[in-house]
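# Overview (structure and organization)
The chain contents come next:
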Amino acid sequence: AIPRRQLEAVRAAEPDLVVAMSSWEMTNRQVDDVWYPFGSVESDRMLEQLYHQAVDRLAAGGALVALVLLPDVVDGREQRAEAIEVQRGRHLNDLVQRVADADPRVVTVDLAGRVCPADPCPTAVEGVELRAVDGRHFDDPGAARMVAQWLASEILAIDLDSPGD
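The following refers to the structure shown.

Scoring rules and cut-offs
- Sequence positions are assigned chain by chain, starting from 1 and proceeding in written order.
- In view of the model being predicted, local features appear only for residues whose pLDDT reaches at least 70, and side-chain atom pairs are presented and counted only at 80 or more, with totals across whole chains, interfaces and linings using the full set of residues.
- Each side-chain value is worked out from all heavy atoms of the structure, with water and hydrogens disregarded.
- Every case where a carboxyl oxygen of Asp or Glu lies within 4 Å of a side-chain nitrogen of Lys or Arg is listed as a salt bridge.
- Labels follow the DSSP assignment, with helices taken as runs of H or I lasting at least four residues and strands as runs of E lasting at least two, numbered in each case from the N terminus.
- Note on classification: 1.4 Å probe, protein chains only; a residue is buried when its accessible area is under 20% of the maximum for its type, exposed when over 50%, partly exposed between these limits.
- Here the rule is simple: two strands pair whenever DSSP picks up at least two bridges between them.
- A right-handed crossover is one whose linking path, passing over the helix from the first strand to the second, runs clockwise when the strands point away from the viewer.
- Joining through side-chain atoms within 4.5 Å is the link that ties buried Ala, Val, Leu, Ile, Met, Phe, Trp, Tyr and Cys residues into a set, and such a set is a nonpolar core.
- Throughout, a contact is declared for two residues whenever any of their heavy atoms are within 4.5 Å.
- Cavities and pockets were defined on a 1 Å grid built over protein atoms only: a cavity is a set of grid points that admits a 1.4 Å probe from which the probe cannot escape, a pocket is an open set flanked by protein on both sides within 12 Å along at least five of seven lines, and lining residues are those with an atom within 4 Å of any such point.
- Grid points are joined across faces, edges and corners, and a volume is the space filled by probe spheres set on the points.
- Only C-alpha atoms enter the line fits that serve as axes; for helices the fit covers just the stretch in contact. Angles between N-to-C directions range over 0 to 180 degrees.
- The definition used for a disulfide is geometric: two cysteine sulfur atoms within 2.5 Å.

A complete count under the given rule lists 10 salt bridges for this structure. Among the salt bridges present, the one from R90 reaches D72, with a minimum N-O distance of 2.6 Å. In this pair, R90 sits in helix α3 (residues 83-102) while D72 sits in the loop between β4 (64-69) and α3, placing the two residues 18 residues apart along the sequence. For R90, a relative accessible area of 35% gives the class partly exposed. Put simply, D44, E48 and R98 are held in one network by salt bridges that share partners.

Next comes the structure, spelled out in structure tokens:
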């Protein structure tokens, strides 16, 4: 249903810019009765193909597509970050960047670099604990506001007249 909904939304809104962010792609998945373990060469090829199909839908009316690079998972009070999760996230960001590099209709917004200004990724930035509960979600209103303001600023700075910059 997602491809249909994307097309319907683009037709209805006629956007100049579509911002997309998702972490579901970093899981193992089955597509057309074929099992793809995340991070394999076959999975990368399949995901790149699916990303390009999504860009075709989202940019159908001439919109630029901004894909958000996700920050590393960190330890939270209720959930610990596992090294494999960090590796998967970084691999997905590399894949998303390759998609953007190959298509002038796509730019990236580097939330990863903003939320993780150092390696390993800190749990707090500028004195604000960003993902205190589970190490993934910006639950705290102050953290959510900080990230939302930064994302809004980055999105507003995108030059819609110079795709691929």
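Next comes the rest of the account.
Relative to strand β5 (residues 106-110), β4 runs parallel, the two sharing 5 bridges. Within the sheet, the bridge partner assigned to L67 lies in β5 and is T108. A crossover connection joins β4 to the parallel β5 through α3; in handedness this β-α-β unit is right-handed.

The biggest cluster of nonpolar side chains holds 23 residues, and the ones touching the most others in it are Y51, V65, L67, L92, V96 and V106. For this core, the elements supplying multiple residues, two or more each, are α2 (41-58), β4 and α3. Every residue in contact with Y51, bar those within four places of it in the chain, is listed here: E25, L67, L92, L95, V96 and V99. Grouped together as the second largest cluster of nonpolar side chains are 18 residues, V68, V107, C121 and V125 included.

What follows concerns empty space enclosed by the protein. Enumeration according to the criterion identifies 1 cavity of 30 Å³ or more in this entry. Roughly 40 Å³ of volume is contained in the largest cavity. Forming the walls of the largest cavity are R114, V115, V125, L130, M146, V147 and W150. Looking at the lining of the largest cavity, the elements that each hand over two or more residues are α4 (111-115) and α5 (141-156).

Looking now at the sheet that holds β4. Ordered by their spatial adjacency, 3 strands build an open sheet running β1-β4-β5, and the pairing between neighbours is parallel. Strands at the two margins of the open sheet, each flanked by one partner only, are β1 (17-20) and β5. Along the sheet, successive strands turn relative to each other by an average axial angle of 25°, direction set aside. Sheet analysis places β1 next to β4, joined by 4 bridges and oriented parallel. Each residue of the ladder has a partner; that of L17, found in β4, is L64. Its contacts with the sheet put α5 on β1 and β5, and the angle it makes with β5 is roughly 150°.

Below, the discussion takes up the pairing of β4. With 6 of 6 residues buried, β4 is to be regarded as a mostly interior element. Covered by surrounding structure in β4 are L64, A66 and V68 together with V65, L67 and L69, the residues of both alternating faces.

What follows concerns the environment of C121. Of note, C121 is situated in the loop between α4 and β6 (124-125). Accessibility expressed as a relative area gives 12% for C121, which makes it buried. Linking C121 and V86, residues 35 residues apart in sequence, is a C-alpha distance of 9.6 Å. If we ignore the near neighbours within four places in the chain, the residues touching C121 are D72, V74, V115, C116 and R131.

Counted according to the given criterion, the structure contains 1 disulfide. In this model C116 forms its disulfide with C121; the gap between the sulfur atoms is 2.1 Å. Looking along the S-S bond of the C116-C121 disulfide, the torsion reads about -80°, which is the left-handed sense. C121 carries the same exposure label as C116, and that label is buried.

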